[in-house]
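So the chains spell out like this:
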Amino acid sequence: EDKVVQSPLSLVVHEGDTVTLNCSYEVTNFRSLLWYKQEKKAPTFLFMLTSSGIEKKSGRLSSILDKKELFSILNITATQTGDSAVYLCAVGNAGGTSYGKLTFGQGTILTVHP
Amino acid sequence: DAGITQSPRHKVTETGTPVTLRCHQTENHRYMYWYRQDPGHGLRLIHYSYGVKDTDKGEVSDGYSVSRSKTEDFLLTLESATSSQTSVYFCAIRPDRTSYGYTFGSGTRLTVV
């Protein structure tokens, strides 16, 4: 059974801090790892990673994948109150009819105080 | 949002009653998914569909059934609702087999009393 574990489960920081969110996985037929941000409603897509060691960057957010050690990190620098959300990690399966199916971690609740 | 709507947005129902949630898309995407979200569990897959009348079970399918008679609609039915099915339900769509560009609906908050 595919498994995705995120840590920490919750994190409280102050504006301007840098945070690192972790995601480890065990999945057969790994295809990709995705990060989503969820505020009040639906998750919204942040990054998709398929290759080890290549950093994806968008503004103050960046992410990298290590396929040997089976983990990914999401970094947020100079945090703002608008970064407060649940961050979800998901892994995509490439096998058979499971192709494209995502398995999600529990999520990390990030709270940024002014 | 991006051509996917869920209905109802909120529902309170009694234990033992059947409940149907609807996911409607205007994107003509082939793949559709139903997830539930509970504290401490993230999103867990209930059922998914890879075409009209083609569906398969996810990891938490017990007590749920689905139907997809048209490309645009994917229905999730709780055959006899239980309190353990109190949750937020999300539908997601994906255009094709190689894309991971999931788009999520806004969710249905279901409370079973």
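Residues numbered from 1 in each chain as written. Chains lettered and ligands numbered in written order. Predicted model: local features only at pLDDT ≥ 70, side-chain atom pairs only at ≥ 80, totals over all residues. Heavy atoms only, no water.

In this section: the interface of chain A and chain B. At the junction of the two partners, chain A supplies 23 residues and chain B supplies 21 residues. In total, chain A and chain B occlude about 1800 Å² of area from one another, counting both sides; carbon and sulfur atoms represent 56% of this. For the interface between chain A and chain B, the tally reads 0 salt bridges. Inspection of the region where chain A meets chain B yields 3 residue pairs in polar contact (both at pLDDT 80 or more). The set of elements that each furnish at least two residues to the side of chain A that touches chain B consists of β4 (30-38), β9 (85-93) and β10 (102-104) of chain A. Element by element, the count of residues in the side of chain A that touches chain B is highest for β4(A), at 5 residues. (Contact = heavy atoms within 4.5 Å. Buried area = accessible area lost by both parts, 1.4 Å probe. Salt bridge = Lys/Arg side-chain N within 4 Å of Asp/Glu carboxyl O. Polar contact = N/O pair within 3.5 Å; in protein donor to acceptor, adjacent residues only side chain to side chain. Helix = DSSP H or I, 4+ residues; strand = E, 2+ residues; numbered from the N terminus.)

Our next topic: the layout of surface pockets. By volume, the largest pocket amounts to about 660 Å³. Lining the largest pocket are 25 residues, and of these A:Q38, A:K40, B:Q37, B:V88 and B:R109 lie nearest its centre. Among the elements of the structure, β11 (108-113) of chain A together with β4 (31-38), β9 (87-94) and β11 (108-112) of chain B are those that each provide at least two residues to the lining of the largest pocket. The leading source of residues in the lining of the largest pocket is β9(B), at 3 residues. When the residues that make up the lining of the largest pocket are grouped by side-chain class, the tally is 6 nonpolar, 13 polar and 6 charged. Put simply, the second largest pocket is a space of about 210 Å³. (1 Å grid on protein atoms, 1.4 Å probe; cavity = no way out; pocket = protein on both sides within 12 Å on 5 of 7 lines; lining within 4 Å. Points joined across faces, edges and corners; volume = space filled by probe spheres on them. Nonpolar A, V, L, I, M, F, W, Y, C, P; charged D, E, K, R; others polar.)

Each neighbour pair has its own omega, and for A:S7 with A:P8 the value is -10°, a cis peptide bond. As for its placement among the helices and strands, A:P8 is situated in the loop between β1 (3-7) and β2 (10-14). Omega for the peptide link from B:S7 to B:P8 comes to -5°, which places this bond in the cis form. If you trace the backbone, B:P8 turns up in the loop between β1 (4-7) and β2 (10-13). One non-glycine residue with positive phi stands out, namely A:L70, at about 60°. Among the secondary structure elements, A:L70 is positioned in the loop between β7 (61-66) and β8 (71-76).

A few words now on the nonpolar core. All names here are of chain A. Grouped together as the largest cluster of nonpolar side chains are 20 residues, with contacts concentrated most on L33, W35, Y87 and L110. Those elements that place two or more of their residues in this core are β3 (19-26), β4, β5 (44-49), β7, β8, β9 and β11. Those residues in contact with L110, other than ones at most four positions away along the chain, are L11, V13, V19, I76, D83, S84, A85 and Y87. (Core = buried A, V, L, I, M, F, W, Y, C linked by side-chain atoms within 4.5 Å. Buried < 20%, exposed > 50% of the residue type's maximum accessible area, 1.4 Å probe, protein only.)

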